[in-house]
Amino acid sequence: MASQDPNTNTASGSGSGKQDEPTKPPPPKDSKKKDDKKDEDLSDEDLALKQQLELYVERVQDPDPGLQKVALESMRQEIRTSTSSMTSVPKPLKYLRPHYGTLKAYYETMSDSDLKKYLADILSVLALTMSAEGERESLKFRLLGSDGDIGSWGHEYVRNLAGEIAQEYAKRQLQSDETPFDDLMELVQQIVAFHMRHNAEPEAVDLLMEVEDLDLLVEHVDKTNFKRTCLYLTSSARYLPGPDDMLVLDIAFMIYLKFEEYPNALQIALFLDNKEYVKQVFTSCDDLLRKKQFCYILARHGSNFELNDEMVAEDEEREALQDIINNAKLSEGYLTLARDIEVMEAKTPEDIYKAHLLDGRASAGASVDSARQNLAATFVNAFVNAGFGQDKLMTVPSDASSGGASGNWLFKNKEHGKTSAAASLGTILLWDVDSGLAQIDKYFHSNDNHVIAGALLGVGIVNCSIKNDCDPALALLGEYIDKEDPSIRIGAIMGLGIAYAGAENEQIRSKLTPILNDAKAPLDVITFAAISLGLIYVGSCNEEVAQAIIFALMDRSDAELGEPLARLIPLSLGLLYLGKQESVEATAEVSKTFHEKIRKHCDMTLLSCAYAGTGNVLKVQNLLGHCSQHLEKGETHQGPAVLGIAMIAMAEELGLEMAIRSLEHLLQYGEQNIRRAVPLALGLLCISNPKVTVMDTLSRLSHDTDSEVAMAAVISLGVIGAGTNNARIAAMLRNLSSYYYKDASLLFCVRIAQGLVHLGKGLLTLNPYHSDRFLLSPAALGGIITMLHACLDMKAIILGKYHYVLYFLILAMQPRMLLTVDENLKPLSVPVRVGQAVDVVGQAGRPKTITGFQTHSTPVLLAAGDRAELATEKYIPLSPILEGFVILKENPEYREE
């Protein structure tokens, strides 16, 4: 208590001593019972602190300014130095609570002075625990107080202020009388600076989003915190409403450019689909090796990007870089991976079916050589050996004793089955253009139109996602587009769609648009022409193509619009707006004038395509609303609506889990046409990423009494397991093959699914997302949803004569590899750690980005949700995300142990 004596003396010496003493003791008497109770619990030092603070409160109200100043200083000191445990309110704030009202009242009576500002500062801090909800008193007194350093009052105070600023800003915005925000903005500047200094980047970003001034960030980031800041910006973009999401990504792009993190900037440019930004990345960077890495990223995304002399000055260098973008090295890299993992040996369909593991009856049924079973084997063989350049059915040397074995397999198929068989050669030689065209060439001289059609389709498949300066696909297929025979026309048209997906090629547009308005052309030719145009101009919002497809739809008769195949025409219109959100609105208005048979179908398809991959919750709700209606027979729009839920929700993990639950509900309450679409939607949500819960649901549905539901579930089992070699799905499908051994249609679906699970012997994936699930490849998604829309009517399309729509999946096939190359782009084996990716957004410190890792040497396979990091300091990767082709450069600072 000694510390109080000098103060007491000064108080009595100030001329009010004698009157003061008698008035001081009484207060404890009035509230004695309460206070005694409280004071008994306090330790001596707490009691001392409490009395001390009560004394300061009185001193503050003293008329003598000198005394006031000393008291305010002391009070301020107490508050600042008091850091009690994190869970409770600091003691000074606790003991000052009863006096908050007194001090506030006294504040109002003071005349303006520095002391008044001083008191305002203290009131602002007290308001942290005292002010009533929604009063924003902490902010009010802060604005009235001195301009001191905010941070000295502690993190909690700054955080509370930020919250109040956000509320105040929102309130002032609503009052339209142009209230200025300057006073708030000065505070915001201080708070943001404080947060950025103290590793609270997410809080700084949140505050700036609330006050709509993200540009401030660019000046506050430095090289220690820009990565965490940008990580938070890019991952929060998914949850923001437009146009805020784009704005946030723009800021992240600017920050990455500022700190020369070009690969990250490039990914944002691709996410925004902004060619100018891509160009900016190339022009800002002057390191040729890094530019090569950009080209690998562009190639993986499937973007049709042309380099010019601004971006790369040297002609030879530019050609080499353009080659990488054109994917010329893809086949080579893929085969390097296959040799390393030792899976070059070709597989036969029997190796996949493993009929010997089943009981007698199933294998007995399979020995009969039926055309349907041979067709299934054709697809299985094509999917399993995709890209390997050799198999045991199609590429067998023809001088063998059998007298042209590949010819033999071809003619074990009937009519349109031959089309798929000939095209399967293109799948086996995928990405290897020179060798592929040479081997397919022999079929062009066939006198069977179906074989020629298959060869044309095969040419398109070989060229899929590979661009070539001499455009071999266009040269070969162009002249067959206007032939008499519809199957040849379809082969050529579909081949062009697959070869030039996303290329926005004007020459092809001028060739295909006349077909759409040709009154004599059969419906199937028109449908495939529309789909091919949709894929070539995917996500481009091209007016002329949209116009042509709309006219084609308006010209169709009622009977034609009732055909299952005609329902793919609205899909081709949707592909033009894939992921482009509001841009679809004008076209959606026009679609309201269509024939009622197709109007709603068109509406759902356009909506689901336009918001695909955006995670827009409101659109998902809208589609769920359409699915909840119990309609009369004959309505077809609910199928696309169910698929639409999956297309929109596949963007991020949370939405995806929610969608899976909503689809479960639809299964229980929905009408039959909805139940048929649900398995397909589940397949899209978990494509090449078999989640156990979804696997079980599909397994249950694969035994459904409605054969269409069962077929969709079986195909979806193949889709979720695509390229994973998942043993559990493989076992399920084997059991299904014996369960359905008498039902040819269902057995066909089981075989297709078996082929998909072992896609590329487990080296390929169908997932359209890449770069840590940040980027969505539009052509890949286009191919997948075209196939799924065709599956909405299995019997008419896949089990009818249009089974070759399964080849649209090739647009999504990509090696799921990490291949590290040296500075001369030759494969280089280094140790890497591969494990489950961990979400580290907004976490403190430097958390590990992968968990449960194993160390392998490259090339390695990456499963869904895997992430890799280098396990050596010897090299520096030129891309922050280790996927696909990654260039390593030697680390100059590395020293051998």
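Residues numbered from 1 in each chain as written. Predicted model: local features only at pLDDT ≥ 70, side-chain atom pairs only at ≥ 80, totals over all residues. Heavy atoms only, no water.

How should I be thinking about the overall build of the chain in this particular structure?
The helix and strand tally for the chain stands at 45 helices and 11 strands. The C-alpha extent of the chain, read off along each of the three principal axes, is 125 × 70 × 55 Å. Counting the 897 residues in the chain, one finds 55% classified as buried. Long-range pairs, those at least 24 residues apart, make up 71% of the contacts in the chain between residues at least 6 apart in sequence. Accessible surface computed for the chain: about 38,600 Å², of which carbon and sulfur atoms make up 50%. For the chain, the distance from the average site of its 86 positive side-chain charges to the average site of its 123 negative ones is 5 Å. (Helix = DSSP H or I, 4+ residues; strand = E, 2+ residues; numbered from the N terminus. Buried < 20%, exposed > 50% of the residue type's maximum accessible area, 1.4 Å probe, protein only. Contact = heavy atoms within 4.5 Å. Areas by Shrake-Rupley, 256 points an atom, 1.4 Å probe, with all protein chains shown as cover. Lys, Arg positive; Asp, Glu negative; His and termini not counted. Charge placed at Lys NZ, Arg CZ, Asp CG, Glu CD.)

Sorry if this is basic, but what is going on with the nonpolar core here?
Looking at soluble globular proteins, one finds that nonpolar side chains tend to be buried together. The biggest cluster of nonpolar side chains holds 296 residues, and the ones touching the most others in it are Leu217, Leu685 and Tyr807. Once you skip the residues sitting within four places of it in the chain, tyrosine 807 turns out to touch Thr378, Phe379, Ala382, Ser420, Ala423, Ser424, Thr427, Leu457, Ile461, Met494 and Ile498. Among the nonpolar cores identified, the runner-up in size contains 13 residues, and Val832, Leu870, Tyr875 and Leu882 belong to it. (Core = buried A, V, L, I, M, F, W, Y, C linked by side-chain atoms within 4.5 Å.)

Is there a simple way to explain the side chain of histidine 803 in this structure?
Tracing the backbone through its elements, the reader meets histidine 803 in the loop between α45 (778-791) and β4 (814-815). We classify histidine 803 as buried; its relative accessible area is 1%. In terms of polar contacts, histidine 803 uses its side chain to reach the side chain of serine 420, at 2.7 Å. (Polar contact = N/O pair within 3.5 Å; in protein donor to acceptor, adjacent residues only side chain to side chain.)

Could you clarify how one ought to interpret the pattern of salt bridges in this entry?
Pairing between side chains becomes possible if they bear opposite charge and their charged atoms approach one another. Under the defined criterion, the tally for this structure stands at 20 salt bridges. With its nearest N and O atoms 3.0 Å apart, the salt bridge here joins glutamate 560 to arginine 556. Its relative accessible area of 23% is what places glutamate 560 among the partly exposed residues. Salt-bridge contacts for aspartate 772 lead to arginine 867; the nearest nitrogen and oxygen are separated by 3.3 Å. Residue aspartate 772 is located in the loop between β2 (769-770) and β3 (775-776), and its partner arginine 867 is located in strand β9 (residues 866-870); the two are separated by 95 residues in the primary sequence. Connected via shared salt-bridge partners are Glu156, Arg159 and Glu203. (Salt bridge = Lys/Arg side-chain N within 4 Å of Asp/Glu carboxyl O.)

For this particular structure, what's the right way to read a negative patch on the surface?
On the surface, Glu306, Glu314, Glu316, Glu317, Glu319, Asp323 and Asp469 cluster together into a patch of negative charge. One can find glutamate 319 in helix α19 (residues 315-325). (Patch = residues over 30% accessible without salt bridge, like charges linked within 9 Å, V, L, I, M, F, W, Y side chains within 5 Å.)

What should I look at first to understand the pairing of strand β11 (residues 884-890) in this one?
For a regular strand, side chains alternate in direction, first toward one face of the sheet and then toward the other. Counting buried positions over the seven residues of β11 gives five, a clear majority of the element. Pairing geometry for strand β5 (residues 817-821) and β11, over four bridges, is parallel. Across the sheet, residue threonine 820 finds its bridge partner in β11, namely valine 886. Relative to β11, strand β10 (residues 875-877) runs antiparallel, the two being bridged by three bridges. Across the sheet, residue tyrosine 875 finds its bridge partner in β11, namely glutamate 890. Taking the residues between adjacent antiparallel strands as the criterion, β10 and β11 are bridged by six residues. (Pairing = 2+ DSSP bridges.)

Honestly, the sheet that holds β11 in this entry has me stumped. Any pointers?
Strand pairing in a sheet relies on backbone hydrogen bonds, with the paired strands running either antiparallel or parallel. Reading across from one edge, β8-β5-β11-β10 is the order of the four strands in this open sheet, with mixed pairing throughout. What marks the edges here is a single partner per strand, and that holds for β8 (860-861) and β10. Against the sheet, helix α20 (residues 330-341) touches β5, β8 and β11, its axis set at about 105° to β5. (Axes fitted to C-alpha atoms, helices over the stretch in contact; angles between N-to-C directions.)

Please explain the packing of helix α18 (residues 288-301) against α19 as it appears in this structure.
Two quantities define a packed helix pair, namely the angle between the helix axes and the distance between the axes. Two elements in contact, α18 and α19, have axes separated by 7 Å at closest approach and are oriented at 30°. On the basis of their axis angle, the class for α18 and α19 is roughly parallel. Between α18 and α19, the residues in contact are Leu288, Lys291, Lys292, Cys295, Tyr296, Leu298 and Ala299 and Glu317, Leu321, Ile324 and Ile325, respectively. Partitioned by chemical class, the residues of the contact of α18 with α19 number eight nonpolar, no polar and three charged. (Parallel < 35°, antiparallel > 145°, perpendicular 65-115°, else oblique. Nonpolar A, V, L, I, M, F, W, Y, C, P; charged D, E, K, R; others polar.)

Even after reading the chapter, I still don't get the environment of valine 462, so can you show me in this structure?
Following the sequence through the fold, valine 462 ends up in helix α27 (residues 449-462). Using a relative accessible area of 0% as the deciding quantity, one classes valine 462 as buried. Along the primary structure valine 462 and leucine 425 are separated by 37 residues, whereas in three dimensions their C-alpha atoms are 8.7 Å apart. If we skip the residues at most four places from it in the chain, valine 462 touches Gly426, Leu429, Leu430, Trp431, Asp432, Val433, Gly436 and Ile440.

How do you make sense of the state of the cysteines when you look at a structure like this?
In total, this model carries zero disulfides according to the counting rule given. Distance from the sulfur of cysteine 295, which forms no disulfide, to the nearest cysteine sulfur (cysteine 285) is 11 Å. Cysteine 791 forms no disulfide, and the closest cysteine sulfur to it belongs to cysteine 749, at a distance of 7.8 Å. Overall, cysteine 791 belongs to the buried group, its relative accessible area being 2%. (Disulfide = S-S within 2.5 Å.)

Sorry if this is basic, but what is going on with the sheet that holds β9 here?
With antiparallel pairing, three strands are arranged side by side in an open sheet as β7-β6-β9. The two strands at the open ends of the sheet, each matched to only one other strand, are β7 (850-857) and β9. Within the sheet, the average angular offset between the axes of one strand and its neighbour, ignoring direction, is 30°. Sheet analysis places strand β6 (residues 831-837) next to β7, joined by six bridges and oriented antiparallel. When the sheet's bridge partners are listed, glutamine 836 is paired in β7 with threonine 851.

Can you help me understand the environment of tyrosine 537 in this one?
Within the secondary structure, tyrosine 537 sits in the loop between α31 (523-536) and α32 (543-555). Overall, tyrosine 537 belongs to the buried group, its relative accessible area being 1%. Through-space distance from the C-alpha of tyrosine 537 to that of alanine 779 is 9.2 Å; in sequence the pair is 242 residues apart. Residues within four places of tyrosine 537 in sequence aside, it is in contact with Glu504, Asn505, Glu506, Arg509, Asn542, Val545, Leu575 and Leu576. Among the polar contacts listed, one links the side chain of tyrosine 537 to the side chain of glutamate 506, at a separation of 3.3 Å.

I'm lost on the packing of aromatic side chains in this one. Help?
In this description, an aromatic ring pair is defined by two values, namely the gap between the centres and the angle between the planes. Overall, the coordinates contain 17 aromatic pairs when judged by the stated rule. With a centroid separation of 5.3 Å and an interplanar angle of 85°, the aromatic rings of tyrosine 334 and tryptophan 431 are classed as edge-to-face. Placement of the pair is tyrosine 334 in helix α20 and tryptophan 431 in the loop between α25 (415-428) and α26 (433-440), with a sequence separation of 97 residues. Among the residues examined, tyrosine 334 registers a relative accessible area of 0% and is labelled buried. Of the residues examined, tryptophan 431 reaches a relative accessible area of 3% and is grouped as buried. (Phe/Tyr/Trp six-rings, centres within 6.5 Å; stacked < 30°, edge-to-face > 60°.)

What am I meant to see in helix α7 (residues 100-109) here?
In an α-helix there are 3.6 residues to a turn, and that puts residues three or four apart on one side. Among the residues of α7, those classed as buried are Tyr100, Leu103, Tyr106 and Tyr107. Down the axis of α7, the smallest arc covering the buried residues is 130°, so these residues share one side. Set apart from the buried face of α7 by more than 90 degrees, the exposed residues are Glu108 and Thr109. Lining the buried residues of α7 we find α4 (44-60), α5 (65-81), α6 (91-96), α8 (114-130) and α9 (137-144). (Arc of directions from axis to C-beta.)

Is there a simple way to explain a nonpolar patch on the surface in this structure?
Side chains of Tyr239, Leu654 and Met658 sit close together on the surface and give an oily, nonpolar patch of about 360 Å² of accessible area. Inspection of the secondary structure puts leucine 654 in helix α39 (residues 653-669).

Before we go on, may I ask you to explain the environment of leucine 862 in this structure?
Locating leucine 862 in the fold gives a position in the loop between β8 and β9. In this structure leucine 862 comes out as buried when scored by relative accessible area, which is 9%. Taking the C-alpha atoms as reference points, leucine 862 and glutamine 836, separated by 26 residues in sequence, lie 9.8 Å from one another.

I keep staring at unusual backbone geometry and nothing clicks. Help me out?
Glycine aside, negative phi is the norm for most residues, and most peptide bonds take the trans geometry. Omega for the bond connecting threonine 858 with proline 859 falls within 30 degrees of zero, at 0°, which places this linkage in the cis form. Along the polypeptide, proline 859 turns up in the loop between β7 and β8. Positive phi is not limited to glycine here, since serine 688 has a value of about 55°. Among the structural elements, serine 688 can be located in the loop between α40 (672-685) and α41 (692-701). Since its relative accessible area comes to 5%, serine 688 is described here as buried.

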